[in-house]
Amino acid sequence: MDYNLIVPFIPNLRRYARALVGDRDGADDLVQDTLERAVRKFHLWRPGDLRAWLFSIMHNVFVNQLKARKIAPHVEIDENMIAAPVPTVTSVDVIDLQRSLLVLAPEQREVVLLIALEDMSYADVSRALGIPIGTVMSRLSRGREKLRKLMAGEVSRSGLRVVQ
Amino acid sequence: MTEEEDRIEYAAQNAALHRKFDGVLTEPIPARMYMKRPMWLEYARAASLVAVGLAVGLALPMMRKAPPAPVAYETPLPIRAARAHLVYSPEVRHPVEVDAKDQDHLVKWLSKRLGLPLKVPVLTTEGFELLGGRLLPGPEGAVAQFMYQDGTGKRLTLYVTRPHAGEQVTAFRFAQDDGVSVFYWIDKDCGYALSGEVDKTTLARVASAVYKQIEP
């Protein structure tokens, strides 16, 4: 397989990595490691969806990085801290979207970004992350909901409840 | 929230994510992502060699009329000869398949297998006696190896093969591989390589004797 086949996917890999990791250098390191691993694993690629294959490699590299050096601090939010629903704020990006994303559990963040940003199908996400479609759907709805509440200010990004 | 509210909310999330991150798509790609580091340049090169090999292997039988692709990745003649020399010349009990005593049979047999009228050079005046020969596999099929030995037990091997498609006709050349010196040349029908763990001058002297006898 030719490296030139991979090059067209680099911009998407970088966009996804930027949203996933949060900072530019960390994200580009993730992309670089992914590309190198893809080159080493060329022989394992079977003609098919190259994009899903590349994202699955990035997922593996990301998981390894999380284990190795915790690239994105993840603040666990106790579901009990989340207050009762308040009217939806639709202009979600007025608040810092990046910080809110980083509060999501990495496995939820991956699913939300692959679907909302990369427009992947459930099947593609299931293949890329190596999880059942049902898990994709539950992580997506939990992730989206948490993101909505974060952006609406219902939970503070430090994980504390916002007191009116 | 109702389903409708969910849909609106999620569309807003998608839009917000795109607004925030789509700029990355048009950022210039860092050079390191194109300019592969040496380590993975090696992988890429290896992968492309495999790809070329596969392509050639798959394409050749399908396109009989197509000109033969240059098979540059094939091990060059002097290296093949040097390796064959390293494998067989240390053999004490079975240095050859057919002994020099049966020279007529040896020459007939190997000529038939290579499809070439072979001549076995006589190197007595150079101090080397024929021990015999053997048949070896090569990229173009059968290869003949003749082995000679001098009074001190030093051995030379003469490797004779049909040149493969990518190999050009060459004049007399010298190569070294893994401690083995090789003089070789390729004419239009046949490639010859004389190998030995001897000094270059000695090998050159013997090789030119071989050359004179084979190429009249």
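None of these values were measured; they are calculated from a predicted model.

**With respect to the overall build of chain A**
Consideration 1: When its secondary structure is counted, chain A shows seven helices and zero strands.
Consideration 2: What you see in chain A, going N to C, is helices and strands ordered as α-α-α-α-α-α-α.
Consideration 3: Burial status across chain A gives 36% buried among its 164 residues.
Consideration 4: Sequence separation of 24 or more characterises 71% of the internal contacts of chain A that already satisfy a separation of 6 or more.

**Digging into helix 6 (residues 122–129) of chain A**
All names here are of chain A.
Consideration 1: Inspection of helix 6 places V125, A128 and L129 among the buried residues, and these make up the whole buried set. For helix 6, the buried positions fall inside an angular range of 85° around the axis, keeping them on one side.
Consideration 2: Downstream of helix 6 by a residue or two, G130 has a phi angle that is positive, lying close to 65°.

**Let's talk about the sheet that holds strand 5 (residues 170–177) of chain B**
Residue and element names in this part refer to chain B.
Consideration 1: Strand order in the open sheet formed by seven strands is 1-2-3-4-7-6-5, and the pairing between neighbours is antiparallel. This sheet does not close on itself; its edge strands, each paired only once, are strand 1 (98–99) and strand 5.
Consideration 2: Looking at chain direction, strand 5 and strand 6 (residues 180–186) are connected through six bridges and run antiparallel. Looking at the pairing, R173 lines up with Y184 of strand 6.

**Side note on the packing of helix 1 (residues 10–21) of chain A against helix 2 (residues 24–40) of chain A**
Residue and element names in this part refer to chain A.
Consideration 1: Their axes nearest at 8 Å, the elements helix 1 and helix 2 cross at an angle of 135°. Classed by the angle they form, the pair helix 1 and helix 2 counts as oblique. Crossing geometry of helix 1 relative to helix 2 is assigned as right-handed. In this structure, helix 1 contributes I10, L13, R14, A17, R18 and V21 to the contact, and helix 2 contributes R24, G26, A27, D28, L30, V31 and T34.
Consideration 2: The residue inventory of the contact of helix 1 with helix 2, partitioned by class, reads seven nonpolar, two polar and four charged.

**Some remarks on the confidence of the model for chain B**
All names here are of chain B.
Consideration 1: Per-chain confidence: chain B averages 82 in pLDDT, with 79% of residues scoring 70 or above.
Consideration 2: The model gives residues 35–40 a pLDDT under 50, and that stretch makes four contacts with residues more than four places away or in other chains.
Consideration 3: Counting interchain partners and residues more than four positions distant, the pLDDT-below-50 stretch residues 63–73 has eleven contacts.
Consideration 4: Two summary scores accompany this predicted model of the complex, namely pTM at 0.48 and ipTM at 0.79.

**Quick notes on the nonpolar core**
Consideration 1: One finds A17, A19, L30, M58, L113, L114 and V125 of chain A to be the most contacted residues of the largest nonpolar core, which totals 43 residues.
Consideration 2: Where this core is concerned, the elements lending two or more residues are helix 1, helix 2, helix 3 (50–69), helix 4 (97–103), helix 5 (106–116), helix 6 and helix 7 (133–151) of chain A together with helix 1 (3–21) of chain B.
Consideration 3: Filtering out sequence-adjacent residues up to four positions away, L30 of chain A remains in contact with A17, V21, M58, V61, F62 and Q65 of chain A.

**What about helix 7 (residues 200–214) of chain B?**
Residues and elements named next belong to chain B.
Consideration 1: The terminal C-alpha atoms of helix 7 lie 20 Å apart, and with 15 residues this matches the ideal 21 Å at 1.5 Å per residue to within 8%.
Consideration 2: Buried within helix 7 we find L203, V206, A207 and V210. Buried residues of helix 7, seen end-on, are gathered within an arc of 100° and therefore sit on one face of the element. Exposed residues pointing more than 90 degrees away from the buried face of helix 7 are listed as T201 and K212.

**Quick notes on the pairing of strand 6 of chain B**
Residues and elements named next belong to chain B.
Consideration 1: A large share of strand 6 lies buried, amounting to seven of its seven residues.
Consideration 2: The alternating pattern of strand 6 places V180, V182, Y184 and I186 and S181, F183 and W185 on opposite faces, both of which are buried.
Consideration 3: Adjacent in sequence and paired antiparallel, strand 5 and strand 6 are bridged by two residues, among which D178 carries a positive phi angle near 55°.
Consideration 4: When strand 6 meets strand 7 (residues 191–196), the two strands line up antiparallel, connected through six bridges. Looking across to strand 7, one finds that Y184 is bridged to A193.
Consideration 5: Between strand 6 and strand 7, which pair antiparallel and follow one another directly, the connecting turn spans four residues.

**Section: the confidence of the model for chain A**
Residues and elements named next belong to chain A.
Consideration 1: A residue-level look at chain A finds 75% of positions with pLDDT of 70 or above and a mean pLDDT of 79.
Consideration 2: Mean pLDDT across the elements of chain A ranges from a minimum in helix 4, with 88, to a maximum in helix 5, with 96.
Consideration 3: Contacts of residues 71–94 to residues separated by more than four positions or lying in other chains number 46 contacts, the stretch itself having pLDDT below 50.
Consideration 4: This model gives residues 157–164 a pLDDT under 50, and the stretch forms 18 contacts once residues within four places in sequence are excluded.

What counts as what
- Residues numbered from 1 in each chain as written.
- Chains lettered and ligands numbered in written order.
- Predicted model: local features only at pLDDT ≥ 70, side-chain atom pairs only at ≥ 80, totals over all residues.
- Helix = DSSP H or I, 4+ residues; strand = E, 2+ residues; numbered from the N terminus.
- Buried ≥ 20, exposed ≤ 12 C-beta atoms within 10 Å, placed from the backbone.
- Contact = placed C-beta atoms within 7 Å.
- Arc of directions from axis to C-beta.
- Pairing = 2+ DSSP bridges.
- Axes fitted to C-alpha atoms, helices over the stretch in contact; angles between N-to-C directions.
- Parallel < 35°, antiparallel > 145°, perpendicular 65-115°, else oblique.
- Left-handed = near helix turned anticlockwise from the far one by under 90°.
- Nonpolar A, V, L, I, M, F, W, Y, C, P; charged D, E, K, R; others polar.
- pLDDT = per-residue confidence, 0-100.
- Core = buried A, V, L, I, M, F, W, Y, C linked by C-beta atoms within 7 Å.
- Expected span 1.5 Å × (residues − 1).

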